[in-house]
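Now for the letters of each chain:
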Amino acid sequence: DPTLRPCAQVVLGFLRWRAGELVGALDQVMQAEVTLRERGDERWLARALSMLAVLAGESGQAERALRLLQEQLELVRRLGDVEMQASAYNDFGVQIGWDDPERALTYYQRAFDLLEERALPGGASPHPGIHGIAALNIAEIHLLRGRDAEGEAMTGRGGELLEQARAWTFWPGYVTLRVKLLSRQGHLDDARQLIRDAFARLGERLDPRGPPLTEPAQLLYAAAAHLEFEAGDPQRALEW
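### Some thoughts on the overall build of the protein
Part 1 of the argument: Assigned secondary structure in the protein consists of 12 helices and 0 strands.
Part 2 of the argument: Taking 240 residues into account, the globule formula puts the C-alpha radius of gyration at 18 Å, and the protein, at 19 Å, falls close to it.
Part 3 of the argument: Projected onto the principal axes, the alpha-carbon positions of the protein cover approximately 60 × 40 × 35 Å.
Part 4 of the argument: For the protein, with 240 residues in total, the buried portion stands at 45%.
Part 5 of the argument: A separation of at least 24 residues holds for 54% of the contacts in the protein among residues at least 6 apart in sequence.
Part 6 of the argument: When the accessible surface of the protein is totalled, it reaches about 12,500 Å², and 53% of it is carbon and sulfur.
Part 7 of the argument: For the protein, the centre of its 27 positive side-chain charges and the centre of its 36 negative side-chain charges are spaced 2 Å apart.

Here it is in structure tokens:
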């Protein structure tokens with residue numbers, strides 16, 4: 001169905017971005033953007049703008065990324081698309097996070113609060129993926145600033161949400177923050193066991209030799225390396 005072609009191009013753009021093919025991703029999404037604007041398909045245009053903003057940010061065009069996110073946000077507010085609105089807020093935070101962590105925190109918090117208000121009794125979320133990612137981004141800023149109690153609470157919530165979403169690509173982000181907390185508390189063996197359990201749960205191998213590591217495994221290796229460095233074992237860190 002040729003009418004679905006630009007929607008498929010947005011999805012292909014996402015997949016190529018995840019595979020590190022930034023030029024191919026940009027080509028697909030830019031083609032889709034032109035067609036979606038002509039058709040007035042605002043919902044898919046918002047998704048295209050989201051991808052274009054990510055690609056602009058990764059290529060060093062921070063101002064363009066923020067302009068695209070602002071347009072996306074205006075569209076999804078008008079459409080009443082809460083999930084995409086939370087995604088836009090979170091992406092705003094990502095774009096400014098390195099330069100201004102506390103300002104980024106306000107955007108992550110907007111994304112989290114928007115979805116937390118809609119959570120069901122018991123904590124189930126209608127959109128647990130972006131909800132959990134926002135929670136972990138909040139936790140990371142708190143830990144960066146030494147606010148460990150707040151960071152620990154948000155790390156726990158983020159882990160619950162990503163499990164609901166079965167978002168295993170992002171779940172090692174939760175493991176990384178838990179490892180950091182356990183390390184600060186002096187529970188090094190518990191942190192190491194958490195990493196081993198995470199490898200087993202994701203079906204990833206502990207030996208980096210062989211085919212290229214998947215992204216979740218790369219994140220777990222990085223967490224393990226950082227843990228051993230902080231524990232005073234630079235040789236083991238280098239091995240990881």
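Structure shown, so let's carry the discussion forward.
### Some words on the side chain of Thr155
Part 1 of the argument: Looking at the secondary structure, you find Thr155 in helix H8 (residues 148-165).
Part 2 of the argument: Given a relative accessible area of 0%, Thr155 falls into the buried group.
Part 3 of the argument: Residues contacting Thr155, with those up to four places away along its chain left out, are Leu136, Ala139, Tyr174, Leu177, Arg178 and Leu181.

### Thoughts on the nonpolar core
What tends to happen in soluble globular proteins is that the nonpolar side chains get buried as a cluster.
Part 1 of the argument: Counting 69 residues, the largest nonpolar core has Phe112, Trp171, Val175 and Val179 as its most contacted members.
Part 2 of the argument: When residues of this core are assigned to their parent elements, the largest contribution, 10 residues, is made by helix H3 (residues 42-58).

### Quick word on the side chain of Arg157
Part 1 of the argument: Looking at the secondary structure, you find Arg157 in helix H8.
Part 2 of the argument: Taking the relative accessible area as the measure of exposure, Arg157 reaches 11% and is therefore buried.
Part 3 of the argument: In contact with Arg157, other than residues within four places in its own chain, are Phe112, Glu116, Ala119, Gly123, His131 and Gln164.

### Remarks on helix H2 (residues 22-39)
Part 1 of the argument: For H2, built from 18 residues, the straight-helix expectation of 26 Å at 1.5 Å per residue is met to within 8% by its first-to-last C-alpha distance of 26 Å.
Part 2 of the argument: Three or more residues of H2 are buried, namely Ala25, Gln28, Val29, Ala32, Glu33 and Leu36. Viewed along the axis of H2, the buried residues span an arc of 140°, placing them on a single side of the element. In H2, the exposed positions angled more than 90 degrees off the buried face are occupied by Val23 and Glu38.
Part 3 of the argument: Two residues or fewer past H2, Gly40 is found with a positive phi of approximately 75°.

### Focus: the packing of aromatic side chains
Part 1 of the argument: One pass over the full model with this rule turns up 7 aromatic pairs.
Part 2 of the argument: An angle of 20° between the planes, with centres 5.2 Å apart, marks the rings of Phe92 and Tyr107 as stacked. Placement of Phe92 in helix H5 (residues 82-96) and of Tyr107 in helix H6 (residues 101-116) is noted, with a sequence separation of 15 residues between them.
Part 3 of the argument: For Phe92, a relative accessible area of 6% puts it in the buried group.
Part 4 of the argument: For Tyr107, a relative accessible area of 13% puts it in the buried group.
Part 5 of the argument: Taking 6.2 Å as the distance between ring centres and 35° as the angle between the ring planes, the aromatic pair formed by Trp171 and Tyr174 counts as tilted. In this pair, Trp171 and Tyr174 both sit in helix H9 (residues 171-184), 3 residues apart, roughly one turn of the helix. Judged on exposure class, the residue Trp171 and its partner Tyr174 are both buried.
Part 6 of the argument: Grouped by ring-pair contacts, the aromatic residues Trp168, Trp171 and Tyr174 constitute a single cluster.
Part 7 of the argument: If you follow Arg47 out to its NZ or CZ, it ends over the ring of Trp44, 4.5 Å from the centre.

### Quick notes on the packing of H5 against H6
Part 1 of the argument: For the pair H5 and H6, interaxial distance at closest approach is 7 Å and the crossing angle is 165°. For the element pair H5 / H6, the angle class is roughly antiparallel. Like other packed secondary-structure pairs, H5 and H6 cross with a definite hand, here left-handed. For the pair formed by H5 and H6, the contact residues are Val82, Gln85, Ala86, Tyr89, Asn90, Phe92, Gly93, Val94 and Ile96 on the first element and Arg103, Ala104, Tyr107, Tyr108, Arg110, Ala111, Leu114 and Leu115 on the second.
Part 2 of the argument: For the contact of H5 with H6, a count of residues per class yields 12 nonpolar, 3 polar and 2 charged.

Calculation criteria
Residues numbered from 1 in each chain as written. Predicted model: local features only at pLDDT ≥ 70, side-chain atom pairs only at ≥ 80, totals over all residues. Heavy atoms only, no water. Helix = DSSP H or I, 4+ residues; strand = E, 2+ residues; numbered from the N terminus. Rg over C-alpha atoms; globule rule 2.2 N^0.38 Å. Buried < 20%, exposed > 50% of the residue type's maximum accessible area, 1.4 Å probe, protein only. Contact = heavy atoms within 4.5 Å. Areas by Shrake-Rupley, 256 points an atom, 1.4 Å probe, with all protein chains shown as cover. Lys, Arg positive; Asp, Glu negative; His and termini not counted. Charge placed at Lys NZ, Arg CZ, Asp CG, Glu CD. Core = buried A, V, L, I, M, F, W, Y, C linked by side-chain atoms within 4.5 Å. Expected span 1.5 Å × (residues − 1). Arc of directions from axis to C-beta. Phe/Tyr/Trp six-rings, centres within 6.5 Å; stacked < 30°, edge-to-face > 60°. Lys NZ or Arg CZ within 6 Å of the ring centre and 35° of its normal. Axes fitted to C-alpha atoms, helices over the stretch in contact; angles between N-to-C directions. Parallel < 35°, antiparallel > 145°, perpendicular 65-115°, else oblique. Left-handed = near helix turned anticlockwise from the far one by under 90°. Nonpolar A, V, L, I, M, F, W, Y, C, P; charged D, E, K, R; others polar.

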